[in-house]
Every structure is written in C-alpha cells, then in structure tokens.
2 protein chains.
Amino acid sequence: MKAKAKDSEGRKRVIVEAVSPEIDGGRFPTKRTVGDQVSVEADIFADGHDAISASLLAHREGSDQWTEIPMRPLVNDRWTGTFRVAELGRYGFKVQGWIDHFETWRRDLLKRIKAEADTAIDYLMGADLIAQAAERATGADADWLRHRATVLRSKQQPRELRTHATDPTLQELVRRYPDKRFATFSDREIIVMVDPLRARFSSWYEFFPRSTSPEAGRHGTFTDSIARLPYIAEMGFNVVYLPPVHPIGQTFRKGRNNSPSAEAGDPGSPWAIGSEEGGHKGVHPQLGTIDDFRRFVKEAKDLNLSVALDIAFQASPDHPYVRKHESWFRKRPDGSIQYAENPPKKYQDIYPFEFESQDWAAMWEELKSVFLYWIDQGVTIFRVDNPHTKAFPFWEWVIAEIRRDHPEVLFLAEAFTRPKVMYRLAKLGFSQSYTYFPWRNAKSEITSYLTELTQPPIRDFFRPNHWPNTPDILTEFLQIGGRAVFSIRLLLAATLGANYGIYGPAFELLEHRALRQGSEEYLDSEKYEIRGWDIEQPTSLRHLIARVNTVRNENEALQNDWSLKFHLVDNDQIIGYSKESDDHSNLMVMVVNLDPHHTQSGYLTLPLDILEIPPDRAYEAEDLLTGARYLWHGSRNYVELNPTALSGHILKIHRRMKVESDFEYFL
Amino acid sequence: MKAKAKDSEGRKRVIVEAVSPEIDGGRFPTKRTVGDQVSVEADIFADGHDAISASLLAHREGSDQWTEIPMRPLVNDRWTGTFRVAELGRYGFKVQGWIDHFETWRRDLLKRIKAEADTAIDYLMGADLIAQAAERATGADADWLRHRATVLRSKQQPRELRTHATDPTLQELVRRYPDKRFATFSDREIIVMVDPLRARFSSWYEFFPRSTSPEAGRHGTFTDSIARLPYIAEMGFNVVYLPPVHPIGQTFRKGRNNSPSAEAGDPGSPWAIGSEEGGHKGVHPQLGTIDDFRRFVKEAKDLNLSVALDIAFQASPDHPYVRKHESWFRKRPDGSIQYAENPPKKYQDIYPFEFESQDWAAMWEELKSVFLYWIDQGVTIFRVDNPHTKAFPFWEWVIAEIRRDHPEVLFLAEAFTRPKVMYRLAKLGFSQSYTYFPWRNAKSEITSYLTELTQPPIRDFFRPNHWPNTPDILTEFLQIGGRAVFSIRLLLAATLGANYGIYGPAFELLEHRALRQGSEEYLDSEKYEIRGWDIEQPTSLRHLIARVNTVRNENEALQNDWSLKFHLVDNDQIIGYSKESDDHSNLMVMVVNLDPHHTQSGYLTLPLDILEIPPDRAYEAEDLLTGARYLWHGSRNYVELNPTALSGHILKIHRRMKVESDFEYFL
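Conventions and cut-offs
Residues numbered from 1 in each chain as written. Chains lettered and ligands numbered in written order. Predicted model: local features only at pLDDT ≥ 70, side-chain atom pairs only at ≥ 80, totals over all residues. Heavy atoms only, no water. Helix = DSSP H or I, 4+ residues; strand = E, 2+ residues; numbered from the N terminus. Buried < 20%, exposed > 50% of the residue type's maximum accessible area, 1.4 Å probe, protein only. Areas by Shrake-Rupley, 256 points an atom, 1.4 Å probe, with all protein chains shown as cover. Lys, Arg positive; Asp, Glu negative; His and termini not counted. Charge placed at Lys NZ, Arg CZ, Asp CG, Glu CD. Polar contact = N/O pair within 3.5 Å; in protein donor to acceptor, adjacent residues only side chain to side chain. Contact = heavy atoms within 4.5 Å. Phe/Tyr/Trp six-rings, centres within 6.5 Å; stacked < 30°, edge-to-face > 60°. Lys NZ or Arg CZ within 6 Å of the ring centre and 35° of its normal. Domains from an automatic or database assignment. Buried area = accessible area lost by both parts, 1.4 Å probe. Salt bridge = Lys/Arg side-chain N within 4 Å of Asp/Glu carboxyl O. Nonpolar A, V, L, I, M, F, W, Y, C, P; charged D, E, K, R; others polar.

The next subject is the overall build of chain A. Across its full length, chain A carries 16 helices and 30 strands. The dimensions of chain A, computed from C-alpha atoms along their principal axes, are 105 × 75 × 45 Å. Relative to its full complement of 667 residues, chain A shows a buried share of 60%. On chain A, roughly 27200 Å² of surface is accessible, and the fraction owed to carbon and sulfur atoms is 50%. Averaged over its 83 positive side-chain charges, chain A has a centre that lies 4 Å from the centre of its 95 negative ones.

Here is the structure:
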C-alpha cells in the first residue's frame with residue numbers, strides 16, 4: 001500500500017481512545033435522565049511534546065447542531081468534559097483532539113524567557129502562527145490578529161515584543177480559531193439515551209385489582225381499585241403497577257394454588273391471556289370496561305401515581321391470535337400447537353409466541369401495536385413479563401420504535417434469569433430491571449452485588465429496581481415472618497436502590513405463608529384466586545412504609561444509585577452505607593441490623609474526608625424514621641439496633657453543627 | 001421502521017459478545033508466536049431454554065478456507081474454543097452461535113423418558129428435525145438420516161423408538177449438518193498477529209562497535225566486533241544489538257560527556273545520523289564497509305545470534321536528506337531548519353523529521369525503504385529509537401507494510417515515555433517494548449508492575465523487554481555499585497521477563513560511575529567517546545550471565561511471560577515467584593534477595609494446588625545456579641540468601657520425589 005489515501009490522514013498525530021461512558025465499544029447507548037450532567041472522559045495524547053487541545057462535541061442525535069465543550073486534562077493523559085442532557089430522547093457525543101501549535105509556541109517561549117535565552121526568532125515564529133489564526137478568523141478578530149502578527153514581526157524592543165506575545169487576550173483570541181485540519185475524532189459517536197426522572201427514582205406498588213372488592217368473594221373491579229388509590233398514595237408511592245388486565249382464557253385454566261384444573265368460579269391466572277372476549281388489547285370483563293381503566297389511570301395521575309401495566313407476550317389457547325395467526329405459534333406434527341413446557345412439566349394454558357416464525361415481521365408489528373394501544377389509554381410504564389424468553393432482536397427493535405415517538409415511556413424487564421441475559425436486555429433498551437436483591441441477605445452478599453450494580457460499566461446501562469417480594473417470590477427470609485423481617489427488607493430495598501417496589505397488600509400485611517416448604521410461591525396466591533385483604537390491620541407496615549417513602553421523596557440523596565458507598569461496621573450483622581445528592585448537600589447514612597431476632601451493636605466507621613465531614617468537630621446524625629438526634633464525633637461511632645423496636649436508622653447528616661462563634665452575641 | 005430488513009435478521013436469537021482475546025473492540029491485532037494455541041472465549045446465549053451450539057472459525061487473514069472448531073460451554077454463559085497458529089503472519093477468527101433444535105429436542109426427550117411421560121409425539125417431532133438434517137446432508141449420511149426419520153415415524157414399540165431416537169450415532173450425524181440459517185456471528189473478525197518465537201523469548205546484548213578495538217584509542221570496526229561475537233555467544237545471548245552504524249554528522253558534533261562542542265578526534269554520537277558520507281542507508285566509514293557489516297551479520301548468525309539494528313529517524317544537519325528533502329524538516333522564519341529542543345535546552349546536532357510535512361507520503365516511503373535496505377543486509381530485528389516522537393499513523397503503516405512481506409522481522413520500541421503512549425505503540429504493531437523495569441526495585445513495585453504486564457488485556461498486545469541498564473540509563477540502584485547490585489538486577493530481568501537485555505560490557509564489568517549525582521548518564525559514556533573495556537577482568541559477571549542464560553535456554557518455563565505468579569514471602573526484602581511451561585512439565589521458582597547489603601531470610605509460601613505439587617509428599621527444589629538441592633515439604637519453606645555469595649535462587653521444582661514403592665526391590 002502506498003502511503004497517501006486521504007491527504008490529511010498521515011498527519012493526524014493525536015490519538016483519542018478509551019472514551020467513557022461507552023457500552024461495548026459504542027454498540028449500545030448509555031443511559032441518563034433528564035437534566036443530568038454527562039461526564040465524558042478519554043485518553044488523548046500525541047507523539048512528541050507538542051501541546052494538544054481537545055473538545056467534546058454533543059448534539060441531539062441526527063441534528064447538525066453540535067455544541068462544542070472544551071476538555072481539560074486530568075492525569076495520565078486522561079481528559080474530561082461535561083455536557084448537560086436537558087431533554088428526553090437520544091443525544092450523541094464525540095471527542096476531538098488536535099495539536100495546538102500556538103500553545104506549544106507560547107509554552108516554549110515562556111520557558112525561554114524564564115531561562116533568559118535568545119527569543120528573537122520566537123517572535124517571528126509566533127507571528128506566523130498568529131497570521132494563520134487570522135486567516136481562520138473573521139471580522140474584527142481577524143484584523144486584530146493580523147495586526148498583532150505585524151507587531152511581532154516589527155523591530156520593537158524585546159521587552160515590548162514579550163508583552164505583545166504573552167498577552168492573555170492574544171491567547172484567548174487564537175484559541176477561538178483553532179487549526180483543526182489534522183484533528184482526530186473518537187472512533188464512533190456514542191449515544192446517550194435520556195429517560196424521564198422516573199427511570200432513576202421510582203417507588204412501585206403492585207396489587208391485584210381482582211382483590212380490591214370490599215365484599216368478600218366478589219371479583220374486584222377497576223372502580224374498586226380506584227378506591228384503593230388514596231391508600232397507596234398515602235404510603236408515598238409514585239408508580240402503581242397492575243398484573244395483566246386482559247381477558248383470561250378458559251382452556252386448561254389453573255385452579256387455586258396452581259392446581260392443574262380449575263373449579264367452577266376460579267378466576268384463573270391473569271397471565272393466561274386471551275379469550276373470546278379479546279386479547280392483549282382487551283380488558284377482562286370482570287374488571288370493568290376500557291373506560292373504567294382509563295378512569296383508573298386518570299384518578300391515579302391525580303394522586304401523582306403513574307400506572308404501570310404488565311405486558312406478557314404469550315397466549316391462552318383461547319386467544320384470538322391463535323385462530324387468526326396460527327403461524328405465530330409452533331405447530332406440532334399432530335397439528336396441535338406447542339404449549340409452554342419445562343420437561344416434564346407442562347403449561348398447557350400458555351402458548352408461547354414462535355420468534356422463528358416465517359411471519360415474524362408481522363408479529364413484531366402486532367406486538368408493538370399492543371404497547372401503542374396501552375399508551376393511548378394513558379399507560380407510560382410497562383413491566384415486561386419474562387422478556388428473556390422472547391428474541392433479543394425484537395426487544396431492541398420494539399423499544400427503540402416506541403421510544404422514538406414516546407421517549408417518556410419506561411420499560412421494566414422482569415428477567416429473573418442468568419446475569420448476562422439480564423444485562424443484555426438492559427443494553428437493548430429496558431429502562432429498569434428486576435435484580436437478585438430478593439436473594440441477597442448477608443452483608444457480604446449485599447455489598448458485593450450492590451457494588452457491581454453501581455459502578456461502571458454496569459451502571460451506565462442497567463438500572464436496578466429492587467423488590468423484596470413479588471407475586472412469584474416469597475423468599476425464604478420473608479417466610480421467617482414477622483415485622484422485623486419485613487422491615488429489614490423494606491429498609492434495604494428503599495435505601496439501597498433509588499428504584500424499588502413491593503407487592504402488596506401481601507407485603508405490608510406481612511403475608512409469609514408459602515405454598516409448601518422449599519417453595520417461593522405464596523400459599524393461596526392471588527395469581528389463582530381472589531384474596532380479601534384487611535388493609536386496616538393494626539400490625540400493617542403501612543405507616544413505616546409511608547415514613548420511608550416520605551424520607552425518600554424529601555431527600556435527593558436517596559433518589560440516585562451511583563453515590564452508594566458501603567462503610568465499615570465491626571459487626572457482620574450490621575450493614576452501613578451512605579448516599580448523597582449530586583451537589584453533595586444532602587448526605588444520608590443508613591445502618592441496618594440484618595438480624596431479625598437479636599439486638600446488634602457495633603462501631604460504624606465513616607471516611608470523613610470523602611464524605612466532607614469536618615474531622616475536628618462534632619456533627620449530627622438525625623434519624624428521619626424516629627426523629628432521634630445523635631451527636632457524633634470523628635470517624636468511628638457507636639450504633640445499636642433492637643429489631644423489636646426498629647431494625648434500621650436512616651440518618652440525615654448535618655455536617656456542621658453550630659458553635660459559639662456562629663452566634664452574633666459572640667462578636 | 002418496519003420490522004423486516006434482511007429476512008433472517010429478526011430470527012437470529014443467539015447473542016455472541018465479550019469475545020476474548022480482543023484489543024479495543026478488535027481495532028488492533030492480538031499477538032501470538034508461531035505454534036501457539038489461541039484460546040478464544042465468548043459469552044454466548046439465547047432467549048428461552050433452547051440448547052445452543054457454537055463454533056470458532058479461524059483462517060489465514062484474507063483466505064476463504066476457514067477451519068471450524070466446536071466450542072464448549074464453561075460456566076455463566078461463557079464458551080471456549082482453541083485454534084493453533086502454525087505459521088508466521090496474520091490469522092483471523094470469528095465466533096458463531098446458533099440454536100440447536102435437535103439438541104433441545106434430544107435433551108427434552110431424555111427428561112421425559114426419565115419422568116416416564118408420554119413421548120409419542122416427541123418421536124414425530126424428532127423425525128421432522130432429522131428429515132431436515134437429511135436435506136442438509138449429502139450422500140450416505142443423507143440416506144441414513146432419511147431412513148432414521150422414517151423409522152421414528154413408524155408404528156414401532158416405544159422401547160424401539162427410544163433406542164433409535166437416543167442413539168449416539170444419530171446425534172453425531174445430525175451435529176455434522178447443523179441448521180445455521182439463523183446463526184449469529186461475533187461483531188468483527190479479530191486478527192491474530194503471529195510472530196517468530198524470538199518475539200516471545202530473546203536475550204539481548206547491546207554493545208558499541210567503536211569500543212571493540214584491542215588497541216587502546218583506535219576506533220573499533222565491524223571486524224573487531226566480529227572478534228567479540230564468540231564472547232557474547234558464550235554468555236548465551238541470542239540477539240546482538242548495535243547502536244546506529246551510519247555516518248556521523250560534523251555540524252554541532254557533541255564532545256566527550258555530552259559537551260556542546262567536540263574536540264578534534266572526538267567520534268561524535270552515533271545518533272547524530274548523516275554526513276557527506278551518507279545517511280540511514282550508509283555505514284560509518286570508521287566502522288568499515290557495508291560488506292564488513294554483512295560479514296558481521298553472517299558470523300553472528302553462525303553463532304546463533306540475530307543482529308538487531310538501532311533505527312533512529314532523525315538527521316544531523318549534514319544528512320543528505322537535509323539538502324535533498326528540505327520539506328521533510330520544519331523551516332523557521334529565518335530560513336534555518338528547526339533543530340530538536342526541550343526549551344531552554346537545544347540539540348543543534350539533531351533535526352527531527354516533520355511529520356506534518358505536506359510531503360509526508362514521500363517521506364514515509366523513504367523511511368520504509370530504510371528498513372528494507374537493512375533487511376537486505378540480513379538484519380531481522382529493529383530497535384526503534386524514540387518512536388513516541390514520530391507520528392503514530394506512520395508506525396501502524398510502516399510496520400504492517402514491512403511485516404506483510406517479512407513477517408519474521410521484529411520491532412522493539414524504545415518508548416521510555418508515559419504508559420498510554422507506550423501501550424499505544426505496542427498496539428500499533430511493535431513486537432516488543434522497553435519497560436519501566438529499570439525503576440522498579442521494591443518488591444511491591446515489581447509485583448504490581450509485572451502483574452499488570454502479564455495479565456489481559458495488556459499481555460495480548462504488549463511484550464515487555466526488560467533492561468537493567470542502557471547507554472542512557474544507569475539507574476540510581478546500579479550506581480550503588482558492586483556485584484550484588486548488578487546480580488540482583490540481572491536475575492530479576494532474566495527470570496521475570498522472557499525477553500531481556502543488557503548493555504555491555506558496561507553491565508558485566510559493573511560500570512556504575514554516573515556523569516554526576518542525580519543523573520542517569522554514564523560518566524565517560526560511549527555515546528560520545530571510544531571506551532576500552534577489559535572484558536577478561538576477574539570481577540566480571542560474565543560467568544553468572546552465562547549460567548543464567550543457559551538456565552533460560554534449557555528451561556521452557558523461563559521462555560514465556562504469561563505464567564508468572566508471585567508468591568508470599570514474609571520478608572519484604574525477598575521476592576518469590578514462579579513460571580512454568582505451557583504443558584506444566586517445567587516448573588521454576590525464583591527467590592531473590594532485593595537487599596544488596598545484608599543476608600535476608602524468610603518463609604516462602606507456594607500454592608501447592610495451583611502449582612500441582614503433591615501436598616502430602618516431599619519435593620525437590622534444585623538450584624540451577626549453584627547445583628544445591630533443597631528438600632521441601634508442604635507449602636511453606638525457609639529461604640535465606642547472602643548477597644556476598646549470591647543474591648538469588650533459580651529453582652527447578654521436581655514435583656515428585658521417588659519413595660520406596662517406586663523401586664523394584666520394594667515389590
């Protein structure tokens with residue numbers, strides 16, 4: 001190969017590499033929320049000793065209008081720059097570096113002046129560089145620069161030439177017209193997906209509308225569910241999430257406690273979607289009408305609750321798709337349709353979609369239209385059931401399609417599956433994901449898992465949503481039962497994660513009875529029957545939940561995941577960690593006794609320097625759950641938690657306590 | 001966007017990601033040496049629960065002949081496969097994954113058989129899959145498969161059908177004709193650059209031909225240098241490396257000890273390249289002729305020594321390029337050419353090339369021709385002087401150009417500069433690189449630096465070549481002086497790195513006098529004058545060096561970098577580490593006392609399980625430097641090293657010592 005190609009290529013001396021944030025070399029967008037500052041870094045360097053300059057270029061994806069932000073060097077050839085993503089949707093950024101000959105000249109001139117070396121020729125060289133800048137400049141700037149070049153070429157005294165050459169105005173003006181002929185760009189534009197705030201901070205409450213009737217045994221309706229909304233809003237939640245609301249199939253309908261055959265009157269599982277009454281765009285008649293649903297959405301909105309709907313892409317044998325789109329399901333040699341199985345177990349009430357169907361493109365379009373239908377009904381959040389059993393390319397396509405026109409819409413992936421599958425779905429576009437939190441109970445488990453989730457690269461694409469329970473998951477820890485057990489899991493979920501949720505009223509009513517030992521299924525699960533819940537029960541956790549959510553709503557520190565730091569406690573049963581707001585003004589320290597049975601105590605060690613707590617003065621830790629105020633001093637302080645009272649502290653740190661000199665009378 | 005595009009796209013359900021080895025997402029080749037097994041890994045998974053299969057596809061870059069190697073799963077969705085790179089040059093590989101419907105069917109069938117479930121329809125489904133495989137098969141295989149499909153569709157007894165369906169021959173045959181219609185490939189072909197063995201294992205000896213004359217004061221010649229070769233070969237080196245051999249400029253020639261003006265008779269610096277007698281393709285007349293040089297190369301080769309030549313791309317003011325190619329240098333406003341500077345220091349004897357020259361393409365071609373010229377003279381290794389002061393795109397281009405036709409040629413980068421620059425040059429194609437080893441003396445420094453260098457991703461592109469000294473670097477540690485100091489650095493360089501070198505005879509003759517305190521320059525440096533060395537001096541380290549090189553040559557464990565492991569010694573002055581051969585048969589343990597002044601002792605802890613040493617029996621540690629044999633037992637053994645005797649052990653581990661039952665008389 002001859003050396004030439006594009007004429008400038010060989011002269012691009014600057015290297016730009018290791019750009020961050022970046023997911024898989026730019027293959028996937030990185031995620032942020034509206035108003036975030038995106039802090040970009042890159043390794044930028046050149047051969048030799050010339051000075052270099054760099055900028056960050058950002059725009060709305062596809063737009064010609066780029067904003068250029070100067071980058072500044074950190075250490076070890078790493079540079080940084082920041083831009084703000086003010087609106088929903090997709091932004092893009094690139095990094096650009098170039099040799100700065102004027103700055104090299106200026107730096108070397110200052111060295112020579114300091115060493116009292118001969119500088120006569122330097123002024124001539126500078127004049128050339130300034131004249132070149134004048135060529136790039138326009139208007140008055142060009143004239144100014146041209147004149148300065150002439151001055152530097154004149155026979156003035158060295159002292160005067162020096163003043164003209166080192167003038168900061170000159171530096172400023174030349175910088176405005178950099179020589180970017182041989183500038184290098186980063187390899188690939190990185191996309192930033194900007195989500196609504198709710199993607200970063202959300203408190204979810206899941207319930208079954210069928211169980212909201214005030215009359216025992218009657219099927220609950222959307223109207224009953226509307227009556228339940230104030231109860232949920234009073235607890236401080238901001239997302240209310242419903243299992244599928246579509247017509248439920250009759251064929252192979254499951255009975256109570258997942259029995260293979262339903263008795264007369266058994267309502268069936270809401271996940272067996274579709275009957276003669278409709279499919280994914282229908283409403284189960286026993287819940288009411290689509291107008292009732294819309295009313296539910298509106299009433300929720302009035303209480304500042306977003307409605308999240310469960311979308312489960314599967315069909316009961318009675319689903320209209322089964323007749324109309326046979327090719328979307330897998331045919332068996334006997335002409336029957338393949339039901340879901342995990343051999344030898346059979347789920348004959350469920351037909352999975354066949355993503356290898358020849359007719360896949362039409363199926364994709366139809367499934368997309370399901371989301372659009374519910375968006376039209378006012379739904380802005382979709383909790384997607386088992387996304388890991390549908391083809392990955394479908395999710396990447398459908399989420400991008402929906403969000404192009406509806407960037408406010410969020411998708412929560414219910415992918416309780418292997419970590420790489422879970423992460424891939426997040427990369428493909430899911431806004432939030434369920435996590436392994438339900439099964440992380442020991443201090444070491446919580447620390448290592450949450451550290452993984454809150455550090456790059458994971459945190460740039462995966463937003464955890466922690467659930468202590470779900471209709472499918474009553475963990476062995478919760479099965480111990482009792483107020484302390486549920487409080488511990490609530491406090492952890494709500495303060496470790498900015499996004500969390502509970503499945504109620506089972507959670508606040510401390511429901512802990514499992515189908516059988518070794519199972520995580522609830523006994524008498526609402527998945528298969530109507531439950532009556534006494535939400536006014538005095539043992540309910542509702543007031544603690546309300547307090548915790550109020551603290552979350554009032555303290556920005558608890559509205560982000562990235563600031564999480566774990567701190568040393570010299571007792572393995574006590575976990576301590578902190579979070580703070582982006583501007584560091586709001587600092588919260590959490591201490592939780594993981595042992596539901598015994599009082600535990602120990603010393604918590606806080607890194608005062610990192611948390612910006614003055615090392616030499618007392619500071620206050622105010623427990624926002626109880627109102628207790630602790631006077632702390634130094635990095636090591638005593639904590640003690642009795643689970644019969646309350647298993648955790650949520651402490652607001654007042655970094656600086658007033659002393660005598662803060663008061664006027666002192667003066 | 002409508003869902004369709006390429007008809008198969010939407011049905012590609014398998015994900016292939018996180019392929020390794022991979023440098024910057026495949027932007028740069030990964031490096032191996034001839035005969036290596038390349039162990040490839042990737043995350044491969046699909047939605048749902050279908051079985052998947054994967055293969056590794058490898059070929060000579062550009063060839064249509066791909067070798068397909070089945071991959072096997074490790075844990076956590078990670079798969080692995082291995083291919084061998086038998087020849088010099090460039091290979092490429094990809095990873096491919098697909099849903100294996102036959103294997104899914106077979107696995108589920110076996111589960112149903114085990115659960116004694118109904119399997120009637122399974123045989124029909126299997127028959128369909130087998131018939132499809134028959135369509136993809138040819139000849140007898142196709143007939144066999146078609147027949148088997150017919151059998152499975154027949155009304156045979158379940159027991160017979162089961163035998164036909166689960167037959168391993170069937171599995172084997174179907175596997176031969178996989179259904180890859182919807183297979184997924186890894187994003188990008190990864191290139192593997194296959195270098196000669198010398199890239200991985202080399203022992204370098206640098207000397208100045210000018211100082212090889214047996215007559216004091218006379219300028220040494222290539223003929224004198226030929227006489228020096230047996231001395232070097234006896235020390236066990238395999239690369240002999242010469243500073244630039246080109247004509248030396250007169251203008252601004254440096255005098256002794258880098259004085260700014262030469263006295264009459266001062267020979268000047270070999271790095272001030274070019275005079276009326278020629279440039280980079282010329283030979284300094286005082287060294288002899290090009291024929292003498294060729295004779296030198298031939299004689300070296302007969303002693304199994306490769307010749308490495310220093311290529312320094314810069315020109316003295318007298319270089320023919322300066323007249324012929326003014327545009328390759330930077331012009332100053334007064335018409336003079338810009339010399340090298342580091343303000344306020346001036347290097348007026350050196351003109352750097354201008355890589356932003358408009359005529360860069362012609363300059364690149366000329367510089368390339370310099371390498372080709374010396375390859376024609378028999379040189380196969382180039383030590384490149386200060387590559388970090390020349391444009392990066394040039395190196396990527398020129399190394400690829402040279403190695404396309406001469407894949408046996410190696411390039412050593414002398415880039416004593418910032419880490420990211422050093423690493424970038426390695427990525428661009430340099431086969432080996434100098435390192436920060438000269439300045440790593442403490443145990444913690446050595447451990448962390450060598451660990452970084454010998455782990456992915458660095459090791460996949462950066463091959464360290466460790467030098468205790470160079471003509472420019474007499475470290476403060478060496479300036480302490482004395483046999484122990486030099487022995488320590490020799491033992492470390494030669495056993496930590498498979499590639500190492502010394503600058504002699506300064507090194508073996510323990511030259512430790514610096515130009516002045518705080519400087520790393522040698523006093524009376526050969527860079528500026530002719531030195532007479534008494535190589536027969538009795539204090540010379542030559543015999544220790546010879547022993548160390550013999551041990552290196554005889555023990556494969558010391559011929560690789562990747563197996564390096566550091567081991568615990570409960571004394572910070574003693575460092576312990578091991579290396580082993582690829583097949584684990586050759587295990588070496590090194591123990592070095594880093595304190596040149598005092599005897600140090602401690603306990604070395606070896607991880608017996610990892611090193612495959614039986615935990616319950618004695619084993620032997622044989623010191624290959626002294627012949628001493630130590631009987632060790634268990635993981636913790638005592639070591640003691642007296643620097644007045646020898647500062648280190650190079651221990652060959654005999655994992656299994658004979659016991660009574662190994663002998664015939666025992667029976």
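Back to the text.
Bringing the side chain of Thr435 of chain B into the picture now. Residues and elements named next belong to chain B. Along the chain, Thr435 falls in the loop between strand E20 (432-434) and helix H12 (443-454). Judged by its relative accessible area of 1%, Thr435 falls in the buried class. Among the polar contacts made by the side chain of Thr435, one reaches the main-chain amide nitrogen of Phe437 at a distance of 3.0 Å. At 2.9 Å, the side chain of Thr435 forms a polar contact with the side chain of His466. In this structure Thr435 touches Phe416, Met422, Tyr449, Leu453, Phe462, Pro464, Asn465 and His466, once residues within four positions along its chain are discounted.

Here the focus is the packing of aromatic side chains. By convention here, two paired aromatic rings are described through the distance between centres and the angle between planes. In the structure shown here, the tally under the stated rule is 94 aromatic pairs over all chains. With a centroid separation of 6.1 Å and 70 degrees between ring planes, the pair formed by Phe208 of chain B and Trp271 of chain B is classed as edge-to-face. Of this pair, Phe208 of chain B sits in the loop between strand E11 (202-206) and helix H6 (222-234) while Trp271 of chain B sits in the loop between strand E12 (239-242) and helix H7 (290-302); the two residues are 63 residues apart in sequence, bridging distant segments of the chain. Trp271 of chain B carries the same exposure label as Phe208 of chain B, and that label is buried. Their ring planes at 75 degrees and their centres at 5.1 Å tell us that Phe293 of chain B and Trp374 of chain B sit as a pair that is edge-to-face. One end of the pair, Phe293 of chain B, is in helix H7; the other, Trp374 of chain B, is in helix H9 (residues 360-376), and 81 residues separate them in sequence. Comparing Phe293 of chain B with Trp374 of chain B shows no difference in burial state: the two are buried. One cation-aromatic arrangement involves Arg459 of chain A over Trp562 of chain A; the distance from NZ or CZ to the ring centre is 4.0 Å. Over the ring of Tyr603 of chain B we find Arg636 of chain B; its NZ or CZ atom is 4.5 Å from the centre of that ring.

Residue and element names in this part refer to chain A. You can read the domains of chain A as domain 1 (9-100 + 186-194), domain 2 (102-176), domain 3 (200-316 + 354-559) and domain 4 (565-666). Listed per partner, the contact involves 26 residues of domain 3 and 27 residues of domain 4. Each partner contributes to the roughly 2100 Å² buried at the junction of domain 3 and domain 4, and carbon and sulfur atoms together form 70% of this total. Linking domain 3 with domain 4 are zero salt bridges. Our count for the domain 3 to domain 4 interface comes out at 10 residue pairs in polar contact (both at pLDDT 80 or more). Counting only elements with at least two residues in the side of domain 3 that touches domain 4, the list comes to helix H12 (443-454), helix H14 (483-496) and helix H15 (542-554). In terms of residue count, H14 provides more of the side of domain 3 that touches domain 4 than any other element does, seven residues in total. Counted by class, the side of domain 3 that touches domain 4 contains 17 nonpolar, six polar and three charged residues.

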